[in-house]
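Inside the fold
Chain residues, written in single-letter form:
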Amino acid sequence: MPSSSDSPRGSSRGKRAAERPPSRLRLKRKAHPPEAAPPPVPDETTPAPAATTRMPVTEPTAAPTSAPTPEPAYEPAPEQSPEPTAEPGAASAASPRAADATEQTEPTERDETVPDGPRRSLLAFWFGVLLLGAAALGWSALSGALSDIPAVADTGTAPGWVDGVGAAAVVTALSWLLATRTAGRALVSAGLALVLAVASLLVGGRVLPTGAAVMTCVVGSVYAVMVTVPAVTGWKAMREALIAALVAAVTAFAAVGFEPTVAIERFEIVSLLLALVLVLAIVYRLGAGLHGLGRRGMIVVAIGLGVLFATLAYAELLRRYGAQSFVSSVLDFADWTSARIGAFPRPLVVLLGIPALVWGTHVRARRRQGWWFCAFGVAATVPLATGLVSPDTSYLEAGLRAAYSLVLGLLIGWLVIRADLALTGPKGRGGRRAEEAGPHRPEPRRFAEL
């Protein structure tokens, strides 16, 4: 007959040993460490049966008769007695967790105090270079505009080398800022820009100054788009478009400082295509590739590319192969408008460039694909940067043209934002205010690395 140890259920002796309550000696040994450091909570939470186990010990008369009975009568008490020993263990187990939590929160607090972006001294130095270059270009432009006045021509004429030095300083600073913003090698980019600018000033000719002017327009136009930050509201989106236009205006003076010899149509097309290729290469990384666009993003990008190339191709075909009567009527309308208000706005800036910047910065506050919409902002920054290259354009006419284009483009961009919110945003003014006050997609600061 098989023994109980050979049965599949195990030995009954082992079961009885497992079910047997521990002796009082073990209970005292286990309860001894909590008594050394008794917590206040276990005494309050001990159950009533544990208190009744002490009653027979305190009564002297019931000791002989109740001595054999307390052990089986109060056997459940040892099962509840390990509770005080478990609570100090839980407290000790919770203490390292709390310590780990404090250790994890300390680095985050330190990270928040770390300045986001380059050092302030380095940033102040390059902004000083940019401001000095812009001041030199402004002095040269002002003295050239007021050269007809004899009093100004005798005292306030700027030297001939001021505009070249100012242009070199501006393009070097813009190259450093763009490389810093896009996580590139800032010193290498600034050094190459400085070498090309100085070589164009020293050697002269037609090729090097023209190449330096193209480089200036491309770098300044792309940085004007990259310097923008997400905008939660439509007014903040308009502010970002104005900041981009200001950077493009400084770039325009720097491009003129190199005194290029160009055909204006080819110069604008080459600058626009190079800037578009560069900004799309940067946005491909910032916008998480093409798979981050989505269906609506793909449609919008396709429409933007279609409008851009259709405008350029149509203008070129109209200039070369258009009917003379139609071309003359278009030019007559532009001349009539310029005679009435001083300038004619740029269609590409009004219809594509500024609305793309306004809507793109607004979308970037919610989705990363807004970077793809901002990429078409070079359709506004490049024409603004090349607005002074043409020798037939005066400063007043270029300024009025930029102002009219900005006003009309901002109006169209605001309408696009309203239409987008009406179709995809929350309904009602209260819902829009709550959505604006809620958390949005974070981005680094304006001059920090993206």
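Our structure's up above, just so we're on the same page.
Attention here is on the structure that accompanies the text. Quantities reported herein were computed from a predicted structural model and do not represent experimental measurements.

A few words now on the packing of helix α14 (residues 207-226) against helix α21 (residues 378-385). Look at α14 against α21: their axes get within 9 Å of each other, and the N-to-C directions meet at 140°. In terms of orientation, α14 and α21 fall into the oblique class. In the crossing of α14 with α21, the sense of the turn from one axis to the other is right-handed. Of the residues in α21, those in contact with C217, S221, A224 and V225 of α14 are V378, T381, V382 and A385.

Among all residues save glycine, negative phi is the norm, and among peptide bonds the norm is trans. For A183, which is not glycine, the phi dihedral falls at a positive 60°. One can find A183 in the loop between α12 (162-181) and α13 (186-203). Of note in the backbone geometry, E259 takes a positive phi value of approximately 55° without being a glycine. Among the secondary structure elements, E259 is positioned in the loop between α15 (234-257) and α16 (264-286).

Attention now moves to the environment of A183. The exposure class assigned to A183 is partly exposed, which follows from its relative accessible area of 39%. C-alpha of A183 to C-alpha of L450: the two residues are 267 residues apart in sequence and 6.9 Å apart in space.

All right, on to the environment of P391 then. Within the secondary structure, P391 sits in the loop between α21 and α22 (395-424). Sequence separation between P391 and I264 is 127 residues; the distance between their C-alpha atoms is 9.0 Å.

On to α21, then. With 8 of 8 residues buried, α21 is to be regarded as a mostly interior element. Inspection of α21 places V378, A379, A380, T381, V382, P383, L384 and A385 among the buried residues, and these make up the whole buried set.

Let us look at the pattern of salt bridges. The tally for this structure, following the rule as stated, stands at 5 salt bridges. Of the charged contacts, one joins R346 and E268 as a salt bridge, the two residues approaching to 3.3 Å between their closest N and O atoms. Of this pair, R346 sits in the loop between α18 (324-341) and α19 (347-364) while E268 is found in helix α16, placing the two residues 78 residues apart along the sequence. With its nearest N and O atoms 3.1 Å apart, the salt bridge here joins E397 to R401. With E397 and R401 both in helix α22 and 4 residues apart, the pair spans about one turn of that helix. E397 sits in the partly exposed class, given a relative accessible area of 24%.

Evaluation of the coordinates by the stated rule reveals 6 aromatic pairs. Summarising the aromatic geometry, the rings of W126 and W176 are spaced 5.4 Å apart at their centres and angled 15° between planes, so their arrangement reads as stacked. Of this pair, W126 sits in helix α10 (residues 120-145) while W176 sits in helix α12; the two residues are 50 residues apart in sequence, bridging distant segments of the chain. By relative accessible area, which is 10% here, W126 ends up buried.

Calculation rules
- Residues numbered from 1 in each chain as written.
- Predicted model: local features only at pLDDT ≥ 70, side-chain atom pairs only at ≥ 80, totals over all residues.
- Heavy atoms only, no water.
- Axes fitted to C-alpha atoms, helices over the stretch in contact; angles between N-to-C directions.
- Helix = DSSP H or I, 4+ residues; strand = E, 2+ residues; numbered from the N terminus.
- Parallel < 35°, antiparallel > 145°, perpendicular 65-115°, else oblique.
- Left-handed = near helix turned anticlockwise from the far one by under 90°.
- Contact = heavy atoms within 4.5 Å.
- Buried < 20%, exposed > 50% of the residue type's maximum accessible area, 1.4 Å probe, protein only.
- Salt bridge = Lys/Arg side-chain N within 4 Å of Asp/Glu carboxyl O.
- Phe/Tyr/Trp six-rings, centres within 6.5 Å; stacked < 30°, edge-to-face > 60°.

Functional significance is not addressed by these values, which are geometric in nature.
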